[in-house]
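# Residue-level structural notes
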2 protein chains.
Amino acid sequence: MWITSDPARVREWSRAYRAAHLRVGFVPTMGALHEGHLSLIRAAREECDRAIVSIYVNPLQFGPTEDLSRYPRPFARDVDLCRREGAAGIFHGTDEGLYPPGFSTSVEVAKLTEGLCGASRPGHFRGVTTIVAKLLAIVEPHAAYFGAKDFQQAAVIRRLTADLDLPVRIRVLPTIREPDGLAMSSRNAYLTPPEREAATCLIRALRRAQEAYDRGERRASTLRAEMEAGLLAEPLARPDYIEVVDPLTLERIERADRGALLALAVWIGGTRLIDNALVGAQLP
Amino acid sequence: MWITSDPARVREWSRAYRAAHLRVGFVPTMGALHEGHLSLIRAAREECDRAIVSIYVNPLQFGPTEDLSRYPRPFARDVDLCRREGAAGIFHGTDEGLYPPGFSTSVEVAKLTEGLCGASRPGHFRGVTTIVAKLLAIVEPHAAYFGAKDFQQAAVIRRLTADLDLPVRIRVLPTIREPDGLAMSSRNAYLTPPEREAATCLIRALRRAQEAYDRGERRASTLRAEMEAGLLAEPLARPDYIEVVDPLTLERIERADRGALLALAVWIGGTRLIDNALVGAQLP
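What you see is a predicted model; the values in this text were computed from it and never measured. (Residues numbered from 1 in each chain as written. Chains lettered and ligands numbered in written order. Predicted model: local features only at pLDDT ≥ 70, side-chain atom pairs only at ≥ 80, totals over all residues.)

This brings us to the pairing of strand β7 (residues 169–173) of chain B. Residues and elements named next belong to chain B. In the sheet, strand β6 (residues 143–147) pairs with β7 via five bridges, with the strands oriented parallel. Bridge pairing in β7 places phenylalanine 146 opposite valine 172. In this region the chain leaves β6, passes through helix α7 (residues 151–163) and returns to the parallel neighbour β7; the handedness of that crossover is right-handed. (Pairing = 2+ DSSP bridges. Helix = DSSP H or I, 4+ residues; strand = E, 2+ residues; numbered from the N terminus. Right-handed = clockwise from strand over helix to strand, strands pointing away.)

Encoded structure:
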């Protein structure tokens, strides 16, 4: 398994695979890999011939008051995990290599980025789409893999690649969860033991709304109220947003007659966690 | 010579060339081809193995009060010219194909786009960089060709491709001029005969400043005054901007000790023309 910080070397590897008629699957990550990431690497290996993983904590997608400096960077462990999963190589990006002096380009998706995490984290998605456009240009993969936990991110990247005619298939895979239902996230490492226990309120809130939907409830206000009640039961939780939106446009809806995305962002102490569930709709 | 409006067909052609170890040169245009464009096609053919020309009047790069609807579209003549120059194919883009419903992505370069035409035409360069990013993703060329008349555009696109790690070489070729020095432009077709005569004031203004530079003048204010005097001599001319800027950053300079770009935008009646000259510096 190769490891390089040089974009030109990554492109050489990818082009060598392509020249040998091997399909390249790409898994962009910020490292601190968990089972969610590993499921993406496995899918990339199964659906393509070679899996390339990028590990780079992208400063552009962090707001000035966010957790850029303390974001976990267990690189040696990540390398072991990639090797164990049979990744072909790791692109370990650097700030100097990716944003050299004079860098001044940004890539932005409107509309889809207006609500949910886009509203809570101004500039976040511009940072995501800019780095993803760069990484796709460097890696030139046949397919790129994203997790459904970051549902809005996946939708935005799908839009980005369609709009810019980037020749890559975007694959979105189901959220991987801990046994108690907490969605895997690198940020779960921030949680103290009592916070970790409290963090199950997200999945409990989603399940309350899912059960209401399954009983036939279609009013978004009621589904939202179910999620809110699930979160209010947990004193350590402070909701950032609680939304019921159209799974394609991510716009607020009044009724979930054609399915819905239930989406949450919740502060547990100093850690912001997100989770979501589709009702009456499938992952695209 | 093939002609298609289908991005997927263009990519197939380009990939077939690449698979046959042929280099692809790309000349993006808005059609109404003149000798300037033809010099780019010739360079693409000479430096690469196949030249692909795109012809598309990109609405995104026109302001609401600009000349989008009346921009000339002599497609049959353009096809003849491309064939005569030995182009391999023409991508004749369409609004529906390039900006389908829901399109919401933009690509933007900051800083370099702030002055000159960027200041006069808000949103223009965002339109340019968005379509060029798309066209480069579709055509996947080894090299792309631009004219020095649109000096700022070329600088912006160089920045774009470097910043997004797009695997393409940007080539900027000298401005091609009419016998009396007027820079070739599709917009020259708008000029009435008296306006056409008046339009030589741009090159006369640039030459006055060049001569002053050659005599040893380095003060930007004096170089600007020379250009202004050259334009004021022409009653049909209404200057939009008259600038002396750094050839790399395009920022205003006080002195031209390390060379300069002399840059003009001038209204001749209802037609806005631009031209520029480098002094003490070479095309990059």
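So much for the structure itself; the text now carries on.
Bringing the interface of chain A and chain B into the picture now. In this assembly, 23 residues from chain A lie in contact with 23 residues from chain B. Sorting the residues of the side of chain A that touches chain B by element identifies α1 (7–19), β5 (105–109), α6 (124–139) and α7 (151–163) of chain A as the ones contributing at least two each. Considering every element that reaches the side of chain A that touches chain B, the biggest residue donor is β5(A), with five residues. In terms of residue class, the side of chain A that touches chain B is built from 13 nonpolar, three polar and seven charged. Alignment of β5(A) against strand β5 (residues 105–109) of chain B, held across five bridges, turns out to be antiparallel. Paired with Val109(A) across the bridge in β5(B) is Thr105(B). (Contact = placed C-beta atoms within 7 Å. Nonpolar A, V, L, I, M, F, W, Y, C, P; charged D, E, K, R; others polar.)

Among the nonpolar cores identified, the biggest contains 166 residues, and Leu262(A), Leu264(A), Leu262(B) and Leu264(B) are the most heavily contacted of them. Leaving out residues up to four positions away in the same chain, Leu264(B) has contacts with Leu202(B), Ala205(B), Leu206(B), Met227(B), Ile242(B), Ile274(B), Asp275(B) and Asn276(B). (Core = buried A, V, L, I, M, F, W, Y, C linked by C-beta atoms within 7 Å. Buried ≥ 20, exposed ≤ 12 C-beta atoms within 10 Å, placed from the backbone.)

Turning our eyes to something else, we now look at the domain arrangement of chain A. All names here are of chain A. Partitioning chain A into structural domains gives domain 1 (2–173) and domain 2 (186–276). Among the elements of the structure, α5 (116–120) and α7 are those that each provide at least two residues to the side of domain 1 that touches domain 2. Its residues placed into classes, the side of domain 1 that touches domain 2 shows eight nonpolar, four polar and one charged. (Domains from an automatic or database assignment.)

Here we take up the relation of the copies chain A and chain B. Placing chain A over chain B gives an RMSD of 0.0 Å and needs a rotation angle of 180°, together with 0.0 Å of translation along the axis. Both chain copies can therefore be described as sitting about a two-fold axis. Across chain A, the smallest distance between a C-alpha and the rotation axis is recorded for Val107(A), namely 2.2 Å. Of the interface residues in chain A, 100% have counterparts in chain B that sit at the interface too, so the contact is made through matching surfaces. (Least-squares fit on C-alpha atoms with pLDDT ≥ 70 in both.)

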